[in-house]
Amino acid sequence: GVGASRRAAGAAPARASTKVAAAQNAAVAHKAPRPSTVAKATGKVRSGTSTARTKTAPGPYADDVKFLEEQGRLLASERIVYQEQAASLKEEADLLAGEREPGDVDFDEESGEGATVTVDRERDLTLSAQASAAVVEIDEAVLRIGTRTYGGCERCHQPIPRARLRALPYARLCVACKSGGLSRR
């Protein structure tokens, strides 16, 4: 689930929208998009990894087609939510920026001069960036499903429990490794 709080990240560039849509369609069809499609659509390639497929050991759930299909559907629906959040938050931030004239200073009793609009805009941009980052993580999880490497902890290589993957389907680390320090999901 997404939860009540705004989990978010930044919108992909407009020119990449068709490539992002292709990656999304592949996720819905339970097929992994080609790694190069994800990298081009998102504009990001995770450091230390290549967009070329490499031979790796199958993940702990490689033979559980039903579970992988369920996770594929869950990832596709979460991807749509995060994309919409990223776009709407970016749009809101742009509107806030457009409402102010250069040199305008607003005074308000609670926060002082000009702080409210700036803080709101920065919050929206930060949440938009977080939503976009979640979309990239989801795309990479879809790739792992397609290559049957989904569900293994990237640090200790133990299976990530199904309950964690159902709660956070793009998790890369088990709870023990995640709580051991600050890292990616």
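So, here's what we can say about the structure. All residue numbers refer to positions counted from 1 along the written sequence of the respective chain. Local features in a predicted model are, by the rule used here, given only for residues with pLDDT of at least 70; side-chain atom pairs are given and counted only at 80 or more, and totals for whole chains, interfaces and linings are based on all residues. Hydrogens and waters are ignored; side-chain quantities use all the structure's heavy atoms.

Here we look at the overall build of the chain
Alright, step 1. Think of it this way: any DSSP run of H or I at least four residues long counts as a helix, any run of E at least two long counts as a strand, and we number them from the N terminus. When helices and strands are tallied, the chain shows six helices and two strands.
Alright, step 2. Contacts: residue pairs with any heavy atoms within 4.5 Å of one another. Put simply, of all contacts in the chain between residues at least 6 apart along the chain, 69% involve residues at least 24 apart.

Let's talk about the packing of aromatic side chains
Alright, step 1. Only Phe, Tyr and Trp rings are paired, with Trp represented by its six-membered ring, and only when their centres lie within 6.5 Å; those with planes under 30 degrees apart are stacked, over 60 edge-to-face, the remainder tilted. Inspection of every chain in the model, using the stated rule, returns three aromatic pairs.
Alright, step 2. Taking the centre distance of 6.5 Å and the plane angle of 45° together, the rings of Phe67 and Tyr150 count as tilted. Placement of Phe67 in helix H3 (residues 65–99) and of Tyr150 in the loop between helix H4 (115–146) and helix H5 (162–167) is noted, with a sequence separation of 83 residues between them. Here Phe67 matches Tyr150 in class, with each residue buried.
Alright, step 3. With 6.3 Å between their ring centres and 80° between their planes, Tyr82 and Tyr170 make a pair best called edge-to-face. Burial status follows relative accessibility: with a 1.4 Å probe on protein chains alone, a residue under 20% of its type maximum counts as buried, one over 50% as exposed, and anything between as partly exposed.

Brief notes about the nonpolar core
Nonpolar side chains in soluble globular proteins tend to be buried together.
Alright, step 1. Put simply, a nonpolar core is a bunch of buried Ala, Val, Leu, Ile, Met, Phe, Trp, Tyr and Cys residues held in one set by side-chain atoms that sit within 4.5 Å of each other. By size, the foremost hydrophobic cluster in this structure holds 23 residues, and its most contacted members are Leu75, Tyr82, Tyr150, Leu165 and Tyr170.
Alright, step 2. When contributions to this core are tallied by element, the ones reaching two or more residues are H3 and H4.
Alright, step 3. Examining the composition of this core, we find that seven residues originate from one element, H4, more than from any other.

Things to note about the side chain of Asp139
Alright, step 1. On the secondary structure map, Asp139 appears in helix H4.
Alright, step 2. Looking at Asp139, the relative accessible area reads 1%, which means it is buried.
Alright, step 3. As used in this structure description, the phrase polar contact means that two N or O atoms lie within 3.5 Å; if the pair is within protein, one of them must be able to donate a hydrogen and the other to accept it, and residues adjacent in sequence are counted only when both atoms belong to side chains. Separated by 2.5 Å, the side chains of Asp139 and Arg79 make a polar contact.

Some details on the pattern of salt bridges
Alright, step 1. Salt bridges are defined as contacts in which a side-chain nitrogen from Lys or Arg sits within 4 Å of a carboxyl oxygen from Asp or Glu. Inspection of every chain in the model, using the stated rule, returns eleven salt bridges.
Alright, step 2. For Arg172, the salt bridge identified is with Glu137, shortest N-O distance 2.8 Å. Within this pair, whereas Arg172 is found in the loop between H5 and helix H6 (175–179), its partner Glu137 is found in helix H4, the two being separated by 35 residues in sequence.
Alright, step 3. For Arg172, the salt bridge is made with Glu140, and the minimal N-O distance between the two is 2.0 Å. A residue pair is termed long-range when its members are at least 10 positions apart, and Arg172 in the loop between H5 and H6 and Glu140 in helix H4 qualify at 32 residues. In this pair, the class of Arg172 matches that of Glu140, namely buried.

Digging into unusual backbone geometry
Alright, step 1. Phi angles above zero are rare outside glycine, and Arg148 is one such case at about 60°.
Alright, step 2. For Arg148, the location among the structural elements is in the loop between H4 and H5.
Alright, step 3. Backbone geometry places His157, a non-glycine residue, at a positive phi of 65°.
Alright, step 4. Inspection of the secondary structure puts His157 in the loop between H4 and H5.
Alright, step 5. You can call His157 exposed: its relative accessible area is 63%.

Just distances and angles here, no functional claims.
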